[in-house]
Amino acid sequence: QLQLVESGGGLVQPGGSLRLSCTSSGDTLAYYAIGWFRQAPGKERERVSCIASSSATTNYADSVKGRFTISRDNAKNAVYLQMNSLEPRDTAIYYCATGVEYYCSGAERIDYWGKGTRVTVTS
């Protein structure tokens, strides 16, 4: 069974950068499109980015476009989310996720979630 693990969160000042990582056990990430989601207390969960298994297609929420970059390195079995120019509104728990038939359409079932990594942006 696929298990996802996020890492790289932390406390940063506005304008700072973090790189989040998503890796897996039970199966290789190379077979899957991977989405990054975030959720802050009292707010709806938001998909911030997604990358196809081939890396040919990437998607970004308007709220992060131009600041975040998603990528993957199959040799390291990892998907990354590079976050630059961080703002307090980016504060949330960030999750990576995928599904048996997940292709970044925004409408597909999500079967697997990591436990999340916390990002806090404050001065």
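Residues numbered from 1 in each chain as written. Predicted model: local features only at pLDDT ≥ 70, side-chain atom pairs only at ≥ 80, totals over all residues. Heavy atoms only, no water.

Enquirer: Please provide a residue-by-residue account of the overall build of the protein chain, values included.
Expert: Assigned secondary structure in the protein chain consists of zero helices and 11 strands. For the protein chain, the spread of C-alpha atoms along the three principal axes comes to 40 × 30 × 25 Å. Surface exposure of the protein chain reaches about 6500 Å², of which carbon and sulfur atoms provide 45%. Across the protein chain, 13 positive and 11 negative side-chain charges occur, with their mean positions spaced 5 Å apart. (Helix = DSSP H or I, 4+ residues; strand = E, 2+ residues; numbered from the N terminus. Areas by Shrake-Rupley, 256 points an atom, 1.4 Å probe, with all protein chains shown as cover. Lys, Arg positive; Asp, Glu negative; His and termini not counted. Charge placed at Lys NZ, Arg CZ, Asp CG, Glu CD.)

Enquirer: Hey, could you go over the sheet that holds strand β1 (residues 3-7) for me, with residue numbers and the actual values?
Expert: Here four strands make up an open sheet; going across it, the order is β1-β3-β8-β7 and the pairing antiparallel. On the outer flanks of this sheet lie β1 and β7 (68-73), each paired with one strand and no other. With strand direction ignored, the average angle separating the axes of adjacent strands in the sheet is 20 degrees. Bridge count for β1 against strand β3 (residues 18-25) is five bridges, and the pairing is antiparallel. Bridge pairing in β3 links Q3 to S25. (Pairing = 2+ DSSP bridges. Axes fitted to C-alpha atoms, helices over the stretch in contact; angles between N-to-C directions.)

Enquirer: I'd like a description of the packing of aromatic side chains, backed by residues and values.
Expert: All chains considered together, the criterion is met by two aromatic pairs. Three or more aromatic residues link up through ring pairs in this structure, and these residues are F37, Y95 and W113. Note that R19 overlies the ring of Y80, its terminal NZ or CZ placed 4.2 Å from the centroid. When the ring centre of F37 is taken as origin, the NZ or CZ atom of R45, which lies over that ring, is 6.0 Å away. (Phe/Tyr/Trp six-rings, centres within 6.5 Å; stacked < 30°, edge-to-face > 60°. Lys NZ or Arg CZ within 6 Å of the ring centre and 35° of its normal.)

Enquirer: Got a sec to walk through the pairing of strand β4 (residues 34-39)? Specific residues and values, please.
Expert: The element β4 is extensively covered by neighbouring structure, given that five of its six residues are classed as buried. The sheet contact formed by β4 and strand β5 (residues 46-51) spans five bridges and is antiparallel. Across the sheet, W36 pairs through a bridge with S49, a residue of β5. Between β4 and the antiparallel strand that follows it, β5, lie six residues; G42 among them carries a positive phi value of about 80 degrees. Bridge analysis of β4 against strand β9 (residues 92-98) gives five bridges, and the strand direction is antiparallel. Bridging from a neighbouring strand, R38 pairs with Y94 of β9. (Buried < 20%, exposed > 50% of the residue type's maximum accessible area, 1.4 Å probe, protein only.)

Enquirer: Can you break down the environment of I34 residue by residue, with the values?
Expert: Structurally, I34 can be placed in strand β4. Put simply, I34 and A52 are 18 residues apart on the chain and 6.7 Å apart in space, counted from C-alpha to C-alpha.

Honestly, it's all geometry; don't read function into it.
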